[in-house]
Amino acid sequence: MELKSNHSSPVLTDPIPVNNSRLGIHSNLLSYQQSGGSLSSGKYMTIPRKKPGKLEDVWSNGWLEAMRSSSPPRKRLIKDKDFTIEAAADDFDIAYCSWMIKYPSALKSFDQILKNAKNKKVAVFLDYDGTLSPIVDDPDRAFMSDSMRSAIRDVAKYFPTAIISGRSRDKVYELVGLTELYYAGSHGMDIMGPVSHAESGDHPNCIRSTDQQGKEVNLFQPAREFIPMIDEVLKTLVENTKDIKGANVENHKFCTSVHYRNVEEKNWPTIAQRVHDILKDYPRLRLTHGRKVLEIRPVIDWNKGKAVEFLLESLGLSDRDDVLAIYIGDDKTDEDAFKVFRERNLGYGILVSSVPKESNAFFSVRDPSEVKKFLKALVTWKKFEKA
Ligand SMILES: [Mg+2]
C-alpha cells in the first residue's frame, strides 16, 4: 500500500499536550516529556529518563499526580449540610455550562453539523470504552447495550464506520460484534481496512488478509516488530503486580495496560513504581495515562489520529472537499484524532465528557447515551435526505 510521507516516518510523538490552564486542570499527564529530546537519525527518538529504583521517581516525574487526575469525580464530595451540597453542585453546573460555550452540545448543534454535512460523504469514527460503553470497574465487562449496537448497525448502513480503540482489535470486535464496521485496535496500531482503494503490499507493515466473513481486507500493523517485546513486558507486568490486590494487566497485542481502578489508592505508588522499574529496561516503549490505567506502548509515530488518516485514505475519502468525518471519543488518546481533524479540517471531533476538560474537539456530549442519540439522529437525517 502506498502511504503518504506522514504515515511512514515512525518518530515519537507523544499525545498532544493539553492546555488546561483555563480550567486549572492538571496537564502534566505524560511520564516522559518530549522537550529536551532530539530526533535521532534513525526511526526512533532517544528519550531522557530518570534513574530508576527509588520511590521518589514516580512522585517526581508526575506519574502519581497523573494517576490521581486521570478520572476526576463529577462532583466534589460534600460532607456538610444541605446548603453546602447545593452550593457545590451549583458551582459544578456553572463550570460545566461555561465549558459548554467552548464545546457546545453536539445534539443542540445538530442543525449546524447537518448544514455542513449536506451533499457530503460522511464517515464516522468511534472510540469504544467510555464512548459506546460505560466505564466499569472490570474492563472485561465493558459491554455496550443492544440498543447502542443497533444504533451503530444503522449508522454503518449509511456511512463508512470505524471503531478505533486502545483495546486489541480482536477484543473490540468481540465486544462490538458487527461485521460491517472497520476496526482499529491497539490505539490504531492494528487496523483492518478495506482493500478497494488501497494499493496493498507495497508497505512492509501492510498485508492482505481476510476478515471474519472471509472478505479480503488490508491489515496494517505499523508496530508489528514490537509484538515479542510487548509480550515479554506483559508477562513481567503480570508477575510483578500479582501481589497488588485489584491490579489488572491487559494484553492489547501491540500495547499493554495496567488497570488500577480497583487498587486501593494507598497502593498506587507501589504499582506505579513496579511499572516504572520494568519500563526502565525498555527505552523503545513509553507510558501514557488513561482513565485509571497505565498504558505501555511502542515509541513510534502512530496514534488514533494517524489511524483516522490511514482509514480515510483506504476508503478513498482523503483530500476531498466533499467529505465530512465525525470522530467521537472520550479519552486522552482521542485527542490525537481531534487534533488531526482540526489541523486538516476533516470534520468534527466530539468529546464525550461529563466534566469540563480542555480538548481539541469541536463539540461535546455528556455520556454514551447522548452518543447514541447523536448516532440515531444522523441516521434519521440520512433517511430523510434520501427520501
Ligand atoms: Mg475511551
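Residues numbered from 1 in each chain as written. Predicted model: local features only at pLDDT ≥ 70, side-chain atom pairs only at ≥ 80, totals over all residues. Heavy atoms only, no water.

- Looking at an unreviewed UniProt entry, the chain carries the name Trehalose 6-phosphate phosphatase, with the source organism given as Gossypium darwinii.
- Of the comments in the UniProt record for the chain, the one headed Pathway (unreviewed entry) reads "Glycan biosynthesis; trehalose biosynthesis."
- Listed in UniProt under the heading Function (unreviewed entry), the comment for the chain reads: "Removes the phosphate from trehalose 6-phosphate to produce free trehalose. Trehalose accumulation in plant may improve abiotic stress tolerance." (UniProt positions renumbered as here; feature names shortened; annotations may be inferred.)

## Describing the sheet that holds strand β13 (residues 323-329)
Inference 1: With mixed pairing, 9 strands are arranged side by side in an open sheet as β7-β8-β6-β5-β4-β3-β13-β14-β15. Strands with a single pairing partner mark the edges of an open sheet, and in this sheet they are β7 (206-210) and β15 (363-365). When the angles between neighbouring strand axes are averaged without regard to direction, this sheet yields 20°.
Inference 2: Strand direction decides the pairing type here: β13 and strand β14 (residues 347-352), joined by 5 bridges, are parallel. Bridge pairing links I326 to Y348 in β14.
Inference 3: Sheet strands touched by helix α9 (residues 304-314): β3 (121-126), β4 (161-164), β5 (182-185), β6 (190-193), β8 (216-220) and β13. Its angle to β4, the strand with the most contacts, is close to 155°. (Pairing = 2+ DSSP bridges. Helix = DSSP H or I, 4+ residues; strand = E, 2+ residues; numbered from the N terminus. Axes fitted to C-alpha atoms, helices over the stretch in contact; angles between N-to-C directions. Contact = heavy atoms within 4.5 Å.)

## Let's talk about the packing of aromatic side chains
Inference 1: The final tally for this structure, using the stated rule, is 14 aromatic pairs.
Inference 2: With centroids separated by 5.3 Å and ring planes inclined at 85°, the aromatic side chains of Y173 and Y183 adopt a geometry described as edge-to-face. Here Y173, found in helix α6 (residues 169-176), pairs with Y183, found in strand β5; they are 10 residues apart in sequence, far enough to count as distant.
Inference 3: An aromatic cluster of three or more residues is present, and its members are Y96, W99 and Y103.
Inference 4: Over the ring of F362 we find R342; its NZ or CZ atom is 4.1 Å from the centre of that ring. (Phe/Tyr/Trp six-rings, centres within 6.5 Å; stacked < 30°, edge-to-face > 60°. Lys NZ or Arg CZ within 6 Å of the ring centre and 35° of its normal.)

## Notes on the confidence of the model for the chain
Inference 1: Across the chain, the average pLDDT comes to 80, with 76% of residues at 70 or higher.
Inference 2: In the predicted structure, residues 1-53 sits below a pLDDT of 50 and forms 128 contacts with residues beyond four places in sequence or in another chain.
Inference 3: Under a pLDDT of 50 for its full length, residues 77-87 has, in the predicted model, 4 contacts with residues more than four places off or in other chains. (pLDDT = per-residue confidence, 0-100.)

## Let's talk about the coordination of the magnesium ion
Inference 1: Distances from the magnesium ion to its protein donors, D127 (OD), D129 (O) and D330 (OD), fall within 2.1 to 2.2 Å.
Inference 2: Positions of the donor residues of the magnesium ion along the chain correspond to the pattern D-x1-D-x200-D. Placement of the pair is D127 in the loop between β3 and α5 (146-158) and D330 in the loop between β13 and α10 (334-344), with a sequence separation of 203 residues. The pair formed by D127 and D330 is uniform in burial state, with each residue classed as buried. (Donors = N, O, S within 2.8 Å, 3.2 Å for Na, K, Ca; no water. Buried < 20%, exposed > 50% of the residue type's maximum accessible area, 1.4 Å probe, protein only.)

## Looking at the pairing of strand β9 (residues 248-251)
Inference 1: Pairing of β9 with strand β10 (residues 256-259) involves 4 bridges; the strand directions are antiparallel. Residue pairing for β10: N251 is matched across the bridge by T256.
Inference 2: Following β9, the chain reverses through 4 residues before pairing antiparallel with β10; K253 in that reversal takes a positive phi of roughly 75°.

## Examining the pattern of salt bridges
Inference 1: By the definition in use, this model includes 23 salt bridges.
Inference 2: As a salt-bridge pair, D190 and R169 come within 3.1 Å of each other at their nearest N and O atoms. Of this pair, D190 sits in strand β6 while R169 sits in helix α6, and the two are 21 residues apart along the sequence. A single burial state applies to D190 and to R169, both of which are buried. (Salt bridge = Lys/Arg side-chain N within 4 Å of Asp/Glu carboxyl O.)

## Focus on the packing of helix α7 (residues 227-241) against helix α8 (residues 268-279)
Inference 1: Direction vectors running N to C along α7 and α8 enclose 150°, while the axes themselves pass 10 Å from each other. In this structure, α7 crosses over α8, and the sense of that crossing is right-handed. Touching V233, T236, L237, N240 and T241 of α7 are I271, R274, V275 and I278, all from α8.
Inference 2: Of the residues in the contact of α7 with α8, the class split is 5 nonpolar, 3 polar and 1 charged. (Left-handed = near helix turned anticlockwise from the far one by under 90°. Nonpolar A, V, L, I, M, F, W, Y, C, P; charged D, E, K, R; others polar.)

## Digging into the environment of G193
Inference 1: Positionally, G193 belongs in strand β6.
Inference 2: When the C-alpha positions of G193 and Y182 are compared, they lie 5.7 Å apart, and in sequence the two are 11 residues distant.
Inference 3: G193 has contacts with Y182, V217, N218 and L311, leaving out every residue within four places of it along the chain.

## A word on the sheet that holds strand β12 (residues 293-298)
Inference 1: Spatially, 4 strands are ordered β9-β10-β12-β11 in an open sheet, and the strand pairing comes out antiparallel. The outermost strands of the open sheet, each flanked by one partner alone, are β9 and β11 (285-290). Taken pair by pair, the neighbouring strands of this sheet meet at an average axis angle of 20°, ignoring direction.
Inference 2: Sheet topology places β10 next to β12; 4 bridges connect them, and they run antiparallel.

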